[in-house]
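Topology and contacts: notes
So the chains spell out like this:
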Amino acid sequence: GGDEFACIVHVDYQAATKVVKRICDFVTKKTVKDDFPITLSVGVVALSQFESFNSNSETEAATDILIHAADAAMYRAKRQGKGQVCVYSPKEDRW
């Protein structure tokens, strides 16, 4: 179990990955009651990874695809172990 959050930033996936890793480093240094550790598994996706998107793309459909892609990458991160960050890969991530 756990909570899922989305963060939309206007940068490429390399920059987004750097930001996510900084967030993970900060969060994992925190603990909750009884020193229970906090871990994050993160999926990163960039609009540029989808050639079919352009300025005329239906916003709702594009958003749905990006959320599913990030979710798929997040579940791959979870499978790899706690505290992982994975960038969406159409070859590795399916939904």
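First, a word on what this report is: a plain description of the structure on this page. (Residues numbered from 1 in each chain as written. Predicted model: local features only at pLDDT ≥ 70, side-chain atom pairs only at ≥ 80, totals over all residues. Heavy atoms only, no water.)

1. Section: the overall build of the protein
A count of helices and strands for the protein gives 2 helices and 4 strands. Mapped in sequence order, the helices and strands of the protein form the string α-β-β-β-α-β. Within the protein, buried positions represent 23% of all 95 residues. Across the protein, every contact between residues at least 6 apart in sequence was considered, and the portion connecting residues at least 24 apart equals 54%. (Helix = DSSP H or I, 4+ residues; strand = E, 2+ residues; numbered from the N terminus. Buried < 20%, exposed > 50% of the residue type's maximum accessible area, 1.4 Å probe, protein only. Contact = heavy atoms within 4.5 Å.)

2. Notes on helix α1 (residues 13-28)
Residues spaced three or four apart along an α-helix face the same direction, because each turn holds 3.6 residues. Taking 1.5 Å as the rise per residue, α1 with 16 residues should run 22 Å; its terminal C-alpha atoms sit 22 Å apart, in good agreement. By the burial criterion, the buried members of α1 are A16, T17, V20 and C24. Down the axis of α1, the buried set is contained in an arc of 100°. They therefore lie on one face. Exposed residues on α1 whose side chains face more than 90 degrees from its buried face are K18, R22 and F26. Looking at the buried residues of α1, the elements they touch are β3 (42-44) and β4 (85-87). (Expected span 1.5 Å × (residues − 1). Arc of directions from axis to C-beta.)

3. Considering the layout of surface pockets
Estimated volume of the largest pocket: approximately 1,600 Å³. If you trace the largest pocket, you find 43 residues lining it, with F5, A6, C7, G43 and A70 closest to the centre. Those elements that provide at least two residues to the lining of the largest pocket are α1, β3 and α2 (59-80). Top element by residues in the lining of the largest pocket is α2. It accounts for 9 residues. In terms of residue class, the lining of the largest pocket is built from 25 nonpolar, 12 polar and 6 charged. (1 Å grid on protein atoms, 1.4 Å probe; cavity = no way out; pocket = protein on both sides within 12 Å on 5 of 7 lines; lining within 4 Å. Points joined across faces, edges and corners; volume = space filled by probe spheres on them. Nonpolar A, V, L, I, M, F, W, Y, C, P; charged D, E, K, R; others polar.)

4. Thoughts on the nonpolar core
Residues A16, V20, C24, V42, V44 and V85 constitute the largest nonpolar core, which totals 6 residues. Contributing elements (two or more residues each) for this core: α1 and β3. With 3 residues, the single largest contributor to this core is α1. Apart from residues lying up to four places away in sequence, V44 is in contact with Y13, A16, T17, V20, Q49, A73, V85, C86, V87 and Y88. (Core = buried A, V, L, I, M, F, W, Y, C linked by side-chain atoms within 4.5 Å.)

5. Considering the environment of A62
Structurally, A62 can be placed in helix α2. For A62 and L47, which are 15 residues apart along the polypeptide, the C-alpha to C-alpha distance reads 8.6 Å.

6. Let's talk about α2
The first and last C-alpha atoms of α2 sit 32 Å apart over 22 residues, in line with the 32 Å expected at 1.5 Å per residue. If you check which residues of α2 are buried, you get A62, A69, A70, A72, A73, M74, R76 and A77. Tucked inside the fold, the buried residues of α2 contact β3 and β4. One or two residues past the end of α2 sits G81, with phi positive at roughly 120°.

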